[in-house]
There are 2 protein chains.
Amino acid sequence: MEVENKYVTIKDHIDGHPSESNFELRSAPLSLSIEEGTADIIVKNIYLSIDPYQLNRMKRCSPSQNSVKGAAQLVPGKEIDAIGIGRVVASGNDEFKKDDMVYGQLAWQEYTVVHLGTVLTKIDKPEFPLSYYLGPLGTSGFTAYAGLYDICKVKNGEKVFVSTASGSVGNLVGQFAKLSGCYVVGSTGSKSKVDMLKEKLGFDEAFNYKEEPDLNSALRRYFPEGIDVYFDNVGAEMLEAAVANMNPFGRVAACGAISEYTEKGRRAAALNMMDVIYKRINIRGYLVSDYFGGHLQDEFLSATADHVRHGRIHVLEDVSRGVESIPSAFAGLFRGDNVGKKLVQVAEF
Amino acid sequence: MEVENKYVTIKDHIDGHPSESNFELRSAPLSLSIEEGTADIIVKNIYLSIDPYQLNRMKRCSPSQNSVKGAAQLVPGKEIDAIGIGRVVASGNDEFKKDDMVYGQLAWQEYTVVHLGTVLTKIDKPEFPLSYYLGPLGTSGFTAYAGLYDICKVKNGEKVFVSTASGSVGNLVGQFAKLSGCYVVGSTGSKSKVDMLKEKLGFDEAFNYKEEPDLNSALRRYFPEGIDVYFDNVGAEMLEAAVANMNPFGRVAACGAISEYTEKGRRAAALNMMDVIYKRINIRGYLVSDYFGGHLQDEFLSATADHVRHGRIHVLEDVSRGVESIPSAFAGLFRGDNVGKKLVQVAEF
């Protein structure tokens, strides 16, 4: 059987803010049977993860592209690989059989041919809705967990600040930190998100950064006792303000720098190194992929599943439907359209 | 017996580059006998340590002044406490007796009255010249050692960059790193210092930063395989360039930011956070005082004494004489006058 396999690609490399017009929907014929002599697996994609870091792969040039395997530059016209969940429709690999549900490196398309060597994990008898394995139980949750507990080694009672607090990772950082007995403040981009963070997710405080002309004094107001841990998703001025308001031995998990991704020129965090030195601040960049398969992953999965099972974590999802919706889902990340984890559902189960 | 105790003080708080005219020599009568009922110790100072960080204490306002005990703001007209070595001339404390040689918190003056609670350590039967206990075997050496081995966890074969490489700490960072089997490059401020680093201290390379219009490309030239560890004494553009040239999992020991100390306005390292994140760079501020009395101190002392004993470390000292020479000794630090550890000898043994 052959299908027309729809996929989303970039027309050209992107500089600056992405918009729907940077993308196009294409299709290519695909046979749904395995090519002889290969260990390929054909997956019908169900949920695809939509993440800001992909913008760095779409650029003509980015520091990210040389450093990390999974961050390789994307090629205009070609498929865009991305984390997702799907169902096996054909398999040349003994470890996978038809109708297995799988999680791993798929692509922004309807069907993905997964070659031997690509990381793909079976989801056996899923206890939770499938989409959760891309959110709290997937890379978003693990990113939050590793940053908070391994990079920052957060302790009960500490004061935690998180930016893009209603994003896929940020909302979970705040929820984990609350579960660890911390005082938690989040920054976000609208009044309704501020309300949601405080009322639904239990943040102690939240503020709309767009209404704060001086981030430094905003943080001083929300952290009269200083910041112990800053989970940074934005970089630039927010990072500067957080460092200025940090307590001695403060820690920064440098997870994302979304305010720097969309700039064509140079935009950077102008850090006062005297603060960094005298307050013995530790700023540490990290990637969740370094933790894949390590002991922290088991700990994360078991702790988080337990939280979700007992309703201690609210799952925030923002789901669009159809492969056609990927361009606006992605561009919307940079407009603050999404609340929680942004997913595109490209097929029913 | 009473003496006129000469001391150096600041006339007013200093902003910007310090010069000799910011200081004045004063004196006050001092009785060389212990006040009844106290546990004071009177020390005749021999060597005093002259260190750049003191400038931050002389400022009207500095982030350092609120963070750390030993960095409290100095008061114009008053004594300037500083690390030094001296001889006990009178003691009301059973732990110290006349003629003991001591090391610890003294001041930029001829005699210092040390009150109970001030850290003071006896130097019993010194194996090395006394001044070494302020250099390789003192805070300079320990700062280098802690930054390299604890903060950066440097490993054999790694590529190490150190700025102000002919300064009190920098020269020892380079020498320790060479002893650990690293490739070592230092930046400094003159041709003669470049030659000294390479010929006398065994640095693999060294360069004069004043002759490099583009630090980024200079570092690319000296580190074709990238930087694993950067020991930062200067901050600002040098730190930016080092981060840009860093390898994945690179580490920065943020020890000093001398290029930022002398600025009146804001001067900062504009870090590209995308580099920090994707290369998982760790930037960590630290103060050697946090290590005092810990297990690392014993390790440092025993390893370094052994290096010095066997001539594996060259001791670079730059000694001026007389309390009057303190202002030019201090101002000279910021002009790059010193080679190695700057000391003022205020008395003979």
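Being a predicted model, the structure only gives us computed values, none of them experimental.

Engineer: Explain empty space enclosed by the protein residue by residue, including any values.
Structural biologist: Enumeration over the complete set of coordinates arrives at two cavities of 30 Å³ or more. In this structure, the largest cavity occupies an estimated 40 Å³ of space. Contributing to the lining of the largest cavity are G135, P136, S168, N171, L172, H314, V315, L316 and K341 of chain A. The residue inventory of the lining of the largest cavity, partitioned by class, reads four nonpolar, four polar and one charged. Estimated volume of the second largest cavity: approximately 40 Å³. If you trace the second largest cavity, you find it lined by G135, P136, S140, S168, N171, L172, V315, L316 and K341 of chain B. For the lining of the second largest cavity, a count of residues per class yields four nonpolar, four polar and one charged. When we break the lining of the second largest cavity down by domain, the ones giving at least three residues each are domain 1 (2-135 + 316-345) and domain 2 (139-289) of chain B.

Engineer: Can you explain the side chain of T188 of chain A? Please cite residues and give values.
Structural biologist: Within the fold, T188 of chain A resides in strand β9 (residues 183-188). Residues within four places of T188 of chain A in sequence aside, it is in contact with S166, K193, V194, L197, F207, N208 and Y209 of chain A.

Engineer: I'd love a proper account of the packing of aromatic side chains, names of residues and values included.
Structural biologist: Aromatic ring pairs are described here by two measures, namely the spacing of the ring centres and the angle between the planes. For the coordinates displayed, the defined rule picks out 34 aromatic pairs over all chains. On the numbers, 5.0 Å between centres and 15° between planes, the contact of F161 of chain A with Y230 of chain A is stacked. Note that F161 of chain A is positioned in strand β8 (residues 159-162) and Y230 of chain A in strand β11 (residues 227-232), a separation of 69 residues in sequence. By relative accessible area, which is 0% here, Y230 of chain A ends up buried. In this arrangement the basic side chain of K122 of chain B is found over the ring face of F96 of chain B, its NZ or CZ atom lying 5.8 Å from the centre.

Engineer: For the domain arrangement of chain A, give the residues involved together with the corresponding values.
Structural biologist: A common way to express how large an interface is: the accessible area buried when the components associate. All names here are of chain A. Per the domain assignment, the segments making up chain A are domain 1 (2-134 + 316-345) and domain 2 (139-289). Each of domain 1 and domain 2 has a C-alpha centre, and these two points are 28 Å apart. With 20 residues of domain 1 at the contact, the number on the domain 2 side is 16 residues. Summed over both partners, the interface of domain 1 with domain 2 comes to about 1,400 Å²; 59% of that surface belongs to carbon and sulfur atoms. Applying the counting criterion to the domain 1 and domain 2 interface returns zero salt bridges. Put simply, domain 1 and domain 2 have six residue pairs in polar contact (both at pLDDT 80 or more) between them. For the side of domain 1 that touches domain 2, the class distribution of residues is 11 nonpolar, six polar and three charged.

Engineer: Which residues make up the packing of helix α6 (residues 215-222) of chain B against helix α7 (residues 236-244) of chain B, and what values go with them?
Structural biologist: Residue and element names in this part refer to chain B. Relative to each other, α6 and α7 sit at 45°, their axes nearing to 9 Å. With respect to α7, the element α6 is oriented oblique. As for the relative orientation of α6 and α7, their crossing is right-handed in sense. Packed against α6, whose contacting residues are L215, N216 and L219, the element α7 presents E237, M238, A241, A242 and A244 at the interface. Residue composition of the contact of α6 with α7, by class: six nonpolar, one polar and one charged.

Engineer: Explain unusual backbone geometry to me, and be specific about the residues and the numbers.
Structural biologist: Residue and element names in this part refer to chain B. The backbone of K125 shows a phi angle near 40°, a positive value even though the residue is not glycine. Its place among the elements puts K125 in the loop between β7 (120-122) and α3 (139-151). Note on K125: relative accessible area 80%, which makes it exposed. Despite not being glycine, T164 shows a phi value in the positive range, around 45°. Among the secondary structure elements, T164 is positioned in the loop between β8 (159-162) and α4 (170-179).

Engineer: Run through the relation of the copies chain A and chain B, naming residues and quoting values.
Structural biologist: Between chain A and chain B, the superposition needs a rotation of 180° and an axial shift of 0.0 Å, giving an RMSD of 0.0 Å. Here the copies are linked by what is in effect a two-fold axis. For chain A, the smallest separation between a C-alpha atom and the rotation axis is recorded for A270 of chain A, amounting to 2.1 Å. Here 100% of the contact residues of chain A are again contact residues in chain B; the copies associate through an equivalent surface.

Engineer: Explain the interface of chain A and chain B to me, and be specific about the residues and the numbers.
Structural biologist: Taken together, the 41 residues of chain A in the interface contact 42 residues of chain B. Carbon and sulfur atoms supply 61% of the area buried between chain A and chain B, which totals about 3,400 Å² over both sides. For the chain A face of the interface with chain B, the top three residues by lost area are M274, I277 and Y278 of chain A, together amounting to 22%. The tally of links from chain A across to chain B stands at two salt bridges. Between D290 of chain B and R280 of chain A there is a salt bridge, with the nearest N and O atoms lying 2.7 Å from each other. Seen at the junction of chain A and chain B, the total is 11 residue pairs in polar contact (both at pLDDT 80 or more). Mapped by element, the contributors of at least two residues to the side of chain A that touches chain B are α2 (64-67), α7 (236-244), β12 (246-254), α8 (258-261), β13 (269-271), α9 (273-278) and β14 (282-285) of chain A. If you tally residues by element for the side of chain A that touches chain B, the top one is α9 of chain A, at six residues. Considered class by class, the residues forming the side of chain A that touches chain B number 23 nonpolar, nine polar and nine charged.

Engineer: Account for the sheet that holds strand β14 (residues 282-285) of chain B, naming residues and giving values.
Structural biologist: Read from one edge of the open sheet, 12 strands run β10(A)-β9(A)-β8(A)-β11(A)-β12(A)-β14(A)-β14(B)-β12(B)-β11(B)-β8(B)-β9(B)-β10(B), paired in mixed fashion. Each end of this open sheet is capped by a strand with a single partner; those strands are β10 (205-208) of chain A together with β10 (205-208) of chain B. Ignoring strand direction, the axes of neighbouring strands in this sheet form an average angle of 15°. Pairing geometry for β8 of chain A and β9 of chain A, over four bridges, is parallel. By the bridge assignment for β9 of chain A, K159 of chain A is matched with Y183 of chain A. Set on the sheet, helix α3 (residues 139-151) of chain A makes contact with β8, β11, β12 and β14 of chain A; between it and β11 of chain A the angle comes to about 150°.

Engineer: Explain the environment of N208 of chain B to me, using residue names and the numbers behind them.
Structural biologist: All names here are of chain B. In this fold, N208 is placed in strand β10. Separated by 16 residues in the primary sequence, N208 and P224 place their C-alpha atoms 18 Å from one another. Sequence-distant contacts of N208, that is, excluding residues within four places in its chain, are made with T188, G189, S190, K191 and V194. A distance of 3.0 Å separates the side chain of N208 from the backbone nitrogen of K210, its partner in a polar contact.

Engineer: Please set out the pattern of salt bridges residue by residue, giving values where relevant.
Structural biologist: In the structure shown here, the tally under the stated rule is 53 salt bridges over all chains. Across the salt bridge formed by D99 of chain B and R87 of chain B, the nearest N and O atoms sit 2.8 Å from each other. One end of the pair, D99 of chain B, is in the loop between β4 (81-91) and β5 (101-107); the other, R87 of chain B, is in strand β4, and 12 residues separate them in sequence. D99 of chain B gets classed as partly exposed once you look at its relative accessible area, which sits at 42%. Given the relative accessible area of 18%, R87 of chain B is considered buried. In this structure, the salt-bridge partner of E158 of chain B is K155 of chain B, at a minimum N-O distance of 3.9 Å. For E158 of chain B, a relative accessible area of 10% translates into the label buried. Residues joined by salt bridges that share partners form a network here, namely E127, D306, R309 and R312 of chain A.

Thresholds applied
Residues numbered from 1 in each chain as written. Chains lettered and ligands numbered in written order. Predicted model: local features only at pLDDT ≥ 70, side-chain atom pairs only at ≥ 80, totals over all residues. Heavy atoms only, no water. 1 Å grid on protein atoms, 1.4 Å probe; cavity = no way out; pocket = protein on both sides within 12 Å on 5 of 7 lines; lining within 4 Å. Points joined across faces, edges and corners; volume = space filled by probe spheres on them. Nonpolar A, V, L, I, M, F, W, Y, C, P; charged D, E, K, R; others polar. Domains from an automatic or database assignment. Helix = DSSP H or I, 4+ residues; strand = E, 2+ residues; numbered from the N terminus. Contact = heavy atoms within 4.5 Å. Phe/Tyr/Trp six-rings, centres within 6.5 Å; stacked < 30°, edge-to-face > 60°. Buried < 20%, exposed > 50% of the residue type's maximum accessible area, 1.4 Å probe, protein only. Lys NZ or Arg CZ within 6 Å of the ring centre and 35° of its normal. Buried area = accessible area lost by both parts, 1.4 Å probe. Salt bridge = Lys/Arg side-chain N within 4 Å of Asp/Glu carboxyl O. Polar contact = N/O pair within 3.5 Å; in protein donor to acceptor, adjacent residues only side chain to side chain. Axes fitted to C-alpha atoms, helices over the stretch in contact; angles between N-to-C directions. Parallel < 35°, antiparallel > 145°, perpendicular 65-115°, else oblique. Left-handed = near helix turned anticlockwise from the far one by under 90°. Least-squares fit on C-alpha atoms with pLDDT ≥ 70 in both. Pairing = 2+ DSSP bridges.

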